[in-house]
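Residue-level listing of the chains:
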Amino acid sequence: MPEWGWLKPLIGEYQGLQEQFGVVVDVFAIVLATALANFLVSVVLSALSGWVRKSPNAWDDALYYSINGPLQGVVWVIGLSTALRVSRPENGPQWLEYIPEFRGLVLVALFTWFVFKMIKSVGANALASAAGRDNAIDATTADAIGKLLRIAALITAGLMTMQVFGVSPSALLAFSGIGGIALGFAARDVLANIFGGLTIYLNRPFSVGDWIRSPDRDIEGTVEAIGWRATTVRRFDMRPLYVPNAVFSNVALENPSRMSHRRIMETVAVRYDDAAAIPDIVEAVRKMLDEDEAIDSDQVILTYLDSLGESALNLLVYCYTYTTDWAEFLAIKQSVLQRVQDVVRDHGAAIAYPTTTMHVPEAVHIARAERDEDDDREEEIDTEKVQSERDRAITREKTRGYTSTQGPDSPTEEGEA
């Protein structure tokens, strides 16, 4: 072929160098070819980077960023292993006989590296594209799927490594039938925690960042991490609590972070002397709650005479707020309670305090203050001041950027915040 005639002088020069320097020329040529191949791979990947950034598809982005390092590693492993095989003398060191196994082991490691990078890139892109959409994948689900895929990749890499060293995977699978039983008995607690973690990932009773508590156990706080063995819960006193995942399969669990409203449930004590004013007070409080924009009137609103206490008539105030933010809820609750006191005073009644009646002989004179004088000294609550205080409290918490659903709904509920 005349078009290839210019190669004959180069081939002759190469053969002459081989006769003069021996195998060193072959090794140099292989290393040079490997470096050129690595350079070409870098050029091609750089040329594809612009197209990948413009593409709306998330898969090509993940593939590009995942294959960048492992592909160059494969080029160098093949090139250097070939150079070592070519340069190996007939009576060389014994370790040179294991070059094929070493090359296979490194290739398996590069494959595992590629798979791990691919899983990480796909997970990050999926979370970014799902942000702001309803019923989208959340961080907890993405983390669970990523962990399962990494475990599958490690198992595959282990089987490939066994194949590289000439060990048949079928023998291991046959042994696992017997050894698996013994392993199951020895590690039943560990397996229980693993299956408990899998149940959490599948059922999703809570996610990272949720406030959870259990009425069966002393568990309450914010979920920081969900692992395969244990879940890390940060208690409200800022101490970490590590809960084995198997516990969540056997206890009742509450997730207040997913509440739709917050409840106000308070008891207001009124004196027995003001029993005649109770119907009007109850009606006025109910009207006040119906007109409050922060109270959800579509939910249950209850204001009734709840019980006859030892020293007072107990009125029940029961309603729900729209907000679930704890600081804003406390400001609304404070406003409601102050206005209830104002309603009680407007109807000529007074808030009761514990009292005891003592009957003494007529000869003993007991000096006491007149009730009317006490009522005159009681300070009225300014409704406009109460409303302005609530508005300022809500604005202050929003300005601080503090938004949290954490905190009990009422003092009757357990848990500290």
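Below you will find a few notes about this structure. Treat the numbers as computed from the prediction; the structure is a model and nothing was measured. Residue numbers run consecutively from 1 along every chain, following the written order of its sequence. Local features are withheld for residues below a pLDDT of 70 in this predicted model, meaning they are given only at 70 or higher, and side-chain atom pairs are given and counted only at 80 or more; totals for whole chains, interfaces and linings count all residues. Computation of side-chain values: all heavy atoms of the structure, hydrogens and water removed.

## Some thoughts on the packing of aromatic side chains
Centres within 6.5 Å make a pair out of two Phe, Tyr or Trp rings, where for Trp the six-membered ring is used; the pair is then stacked when the planes are under 30 degrees apart, edge-to-face when over 60, and tilted otherwise. On inspection of all chains with the given rule, the structure shows three aromatic pairs. Look at Trp211 and Phe236: their rings are 5.8 Å apart centre to centre, the planes differ by 70°, and that puts the pair in the edge-to-face class. Of this pair, Trp211 sits in strand E1 (residues 211-214) while Phe236 sits in the loop between strand E3 (230-234) and strand E4 (240-244), and the two are 25 residues apart along the sequence. Taken individually, Trp211 and Phe236 each receive the classification buried, so the pair is uniform in this respect. The rule is short: NZ of Lys or CZ of Arg within 6 Å of the ring centre and within 35 degrees of the ring normal puts a charge over the ring. When the ring centre of Phe329 is taken as reference, the NZ or CZ atom of Arg262 above it lies at 5.5 Å. Above the face of the Tyr304 ring, Arg286 is positioned so that its terminal group lies 5.1 Å from the ring centre. Labels follow the DSSP assignment, with helices taken as runs of H or I lasting at least four residues and strands as runs of E lasting at least two, numbered in each case from the N terminus. Categorising residues by exposure relies on relative accessible area from a 1.4 Å probe, with only protein chains included: less than 20% of the type maximum marks a residue as buried, more than 50% marks it as exposed, and the intermediate range marks it as partly exposed.

## What about the side chain of His261?
On the secondary structure map, His261 appears in the loop between E4 and strand E5 (262-270). A 3.5 Å cut-off defines polar contacts: any pair of N or O atoms within that distance qualifies, except that in protein one atom must be a possible hydrogen donor and the other a possible acceptor, and neighbouring residues in sequence count only when both atoms are side-chain atoms. A polar side-chain atom of His261 sits 3.0 Å from a polar atom in the side chain of Ser260. Residues count as neighbours in contact if any of their non-hydrogen atoms are within 4.5 Å of one another. If we ignore the near neighbours within four places in the chain, the residues touching His261 are Asp296, Gln299, Tyr320, Thr321, Tyr322, Thr323 and Thr324.

## Thoughts on the sheet that holds E5
Only strands that DSSP links by at least two bridges are regarded as paired with each other. If you walk across this open sheet you meet the three strands as E5-E7-E6, and the pairing is antiparallel. Across the chains shown, the open sheet's two edge strands, defined by having one partner strand only, are E5 and strand E6 (302-308). Averaged over all adjacent pairs, the angle separating strand axes in this sheet is 25°, with direction ignored. In this sheet, strand E7 (residues 313-321) lies alongside E5 in antiparallel orientation, the contact comprising nine bridges. Along E7, the bridge assignment pairs Arg262 with Thr321. All axes are obtained by fitting lines to C-alpha atoms, using only the stretch in contact for helices, and the reported angles, taken between N-to-C directions, cover 0 to 180 degrees. Against the sheet, helix H8 (residues 278-291) contacts E5, E6 and E7, and its axis sits at roughly 145° relative to E6. Across the sheet, helix H9 (residues 326-346) lies against E5 and E7, angled at about 25° from E5, the strand it touches most.

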